[in-house]
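# Fold and geometry: a report
The primary structure of each chain is shown beneath.
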Amino acid sequence: MKLLKYIIFFLVINFAGLAIGTWLMDNGPQTVWYLNLNKAPWTPPGWVFGTAWTTIMLCFSIYMAFLYKRLPGSTTLIALFTLQFILNVLWNYIFFNKHFIAAGLACIILLTLVIFKFIFDYKGIMNKKTILILPYFVWLCVATSLNAYILSNN
């Protein structure tokens, strides 16, 4: 029962982060600025982003619930989770709202490194459950490449 409470807790926090990020991007993907950017040929269609983030946050919430159950109250774990939350939300504002492409790239690189740290630091504890965080890491690698392409081609 405790695991279910943790899953619900992390689902609420993670989906709240997605909602805040969406709000802060100020309709970013639909703006003239974004639509006129030279985007990478491998940029997925818009619907993929919503599907990807929903899947990522479902998996990440379950991952975090298992991890937190094993390490309750870990200040390092809480700090890493908080940092990924802030960077994830902040990227939307920096990139879409302020149009700071280079700062957005720095932000998403840091976020990718934080997720890699989760994978690396906790793979021994999480074992096969590490697969739950891999969609997040893979998506961030793709998103980083998209951001880098926009920076270098606009």
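This is a predicted model, so every value here is computed, not measured.

### Thoughts on a nonpolar patch on the surface
Together, Met 1, Leu 4, Ile 8 and Val 12 make up a nonpolar patch on the protein surface, roughly 440 Å² of accessible area in all. In this fold, Val 12 is placed in helix α1 (residues 2–24).

### What about unusual backbone geometry?
Positive phi outside glycine occurs at Asp 26, with the angle close to 55°. Within the element layout of this structure, Asp 26 appears in the loop between α1 and α2 (32–35). Assessed through its relative accessible area of 51%, Asp 26 is described here as exposed. Notably, His 99 is not glycine yet its phi reads approximately 65°, a positive angle. Tracing the sequence through the fold places His 99 in the loop between α4 (75–97) and α5 (101–126). With a relative accessible area of 33%, His 99 lands in the partly exposed category.

### Looking at the side chain of Thr 130
Tracing the chain through its elements places Thr 130 in the loop between α5 and α6 (134–153). Not counting chain neighbours up to four residues away, the residues in contact with Thr 130 comprise Tyr 63, Ile 119 and Lys 123.

Each value, and the rule that gives it
Residues numbered from 1 in each chain as written. Predicted model: local features only at pLDDT ≥ 70, side-chain atom pairs only at ≥ 80, totals over all residues. Heavy atoms only, no water. Patch = residues over 30% accessible without salt bridge, like charges linked within 9 Å, V, L, I, M, F, W, Y side chains within 5 Å. Areas by Shrake-Rupley, 256 points an atom, 1.4 Å probe, with all protein chains shown as cover. Salt bridge = Lys/Arg side-chain N within 4 Å of Asp/Glu carboxyl O. Helix = DSSP H or I, 4+ residues; strand = E, 2+ residues; numbered from the N terminus. Buried < 20%, exposed > 50% of the residue type's maximum accessible area, 1.4 Å probe, protein only. Contact = heavy atoms within 4.5 Å.

The values are spatial; any link to function lies outside them.
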